[in-house]
Amino acid sequence: YMHSGWYWAGFLARASAFAWGAVESLLYYSTVRKRVRLGLATQSDADVFLLWGIATTSAFLMFALTALGTAVSGSQLPAQVMVAQSFAGLAASGAIWLTFFPPALYTRYIQSA
């Protein structure tokens, strides 16, 4: 089923949602950084968008690695691709965790930046 056009159309739709989320988050991070310099937002506000951008970029990377691995080797992904996906997943989960549950030490670090 992985060679069907419908599979790849759905795959592309799901991957592009993460790409769009990454671009939007990182663009808004840039906007909020300007607001931080003007005193209209806090560094923590900007950091949330950066972390969300990291998380969605990592999720998109997992999709891209799947497509690459599938294109190169067929239905069985190479171990190197799975390891790279695991690191991208760790980056995504770490960024999401810091977004919603920032430890006090991390919050102090962000506020002092």
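Please refer to the structure higher up on the page.
Reading guide: rules and limits
Residues numbered from 1 in each chain as written. Predicted model: local features only at pLDDT ≥ 70, side-chain atom pairs only at ≥ 80, totals over all residues. Heavy atoms only, no water. Phe/Tyr/Trp six-rings, centres within 6.5 Å; stacked < 30°, edge-to-face > 60°. Helix = DSSP H or I, 4+ residues; strand = E, 2+ residues; numbered from the N terminus. Buried < 20%, exposed > 50% of the residue type's maximum accessible area, 1.4 Å probe, protein only. Expected span 1.5 Å × (residues − 1). Arc of directions from axis to C-beta. Contact = heavy atoms within 4.5 Å. Core = buried A, V, L, I, M, F, W, Y, C linked by side-chain atoms within 4.5 Å.

S.K.: What am I meant to see in the packing of aromatic side chains here?
M.R.: All chains considered together, the criterion is met by seven aromatic pairs. Pairing Trp8 with Phe11 gives two aromatic rings, centres 5.2 Å apart and planes at 65°, and the pair type is edge-to-face. You can see Trp8 and its partner Phe11 sitting in helix H1 (residues 5–38), three residues apart, about one turn around the helix. Relative accessible area serves as the criterion here: at 8%, Phe11 is assigned to the buried category.

S.K.: How do you make sense of helix H2 (residues 43–73) when you look at a structure like this?
M.R.: Every α-helix winds through 3.6 residues per turn, so residues three or four apart in the chain are directed the same way. Taking 1.5 Å per residue as the helical rise, H2 with its 31 residues ought to reach 45 Å, and the 44 Å between its terminal C-alpha atoms agrees with that figure. In the segment just after H2, Gly74 is the residue with positive phi, at about 90°.

S.K.: Explain helix H3 (residues 79–100) to me, please; I cannot follow it from the model alone.
M.R.: For H3, with 22 residues, the first-to-last C-alpha span of 32 Å sits near the 32 Å given by 1.5 Å per residue. Buried residues of H3: Val81, Gln85, Ala88, Ala92, Ala95, Leu98 and Thr99, and no others. Down the axis of H3, the buried set is contained in an arc of 155°. They therefore lie on one face. Exposed side of H3, more than 90 degrees from the buried face: Ala79, Phe87 and Leu90 are the residues found there.

S.K.: Sorry if this is basic, but what is going on with the environment of Phe60 here?
M.R.: Of note, Phe60 is situated in helix H2. When the C-alpha positions of Phe60 and Ser4 are compared, they lie 21 Å apart, and in sequence the two are 56 residues distant. If we skip the residues at most four places from it in the chain, Phe60 touches Ala15, Phe18 and Ala19.

S.K.: Is there a simple way to think about the nonpolar core in this case?
M.R.: Considering soluble globular proteins, one finds that nonpolar side chains tend to be buried as a cluster. Counting six residues, the largest nonpolar core is built from Leu51, Ala55, Ala95, Leu98, Tyr106 and Ile110. Sorting the residues of this core by element identifies H2, H3 and helix H4 (104–112) as the ones contributing at least two each. With residues near it in sequence (within four places) discarded, Ile110 still touches Gln43, Ser44 and Asp47.

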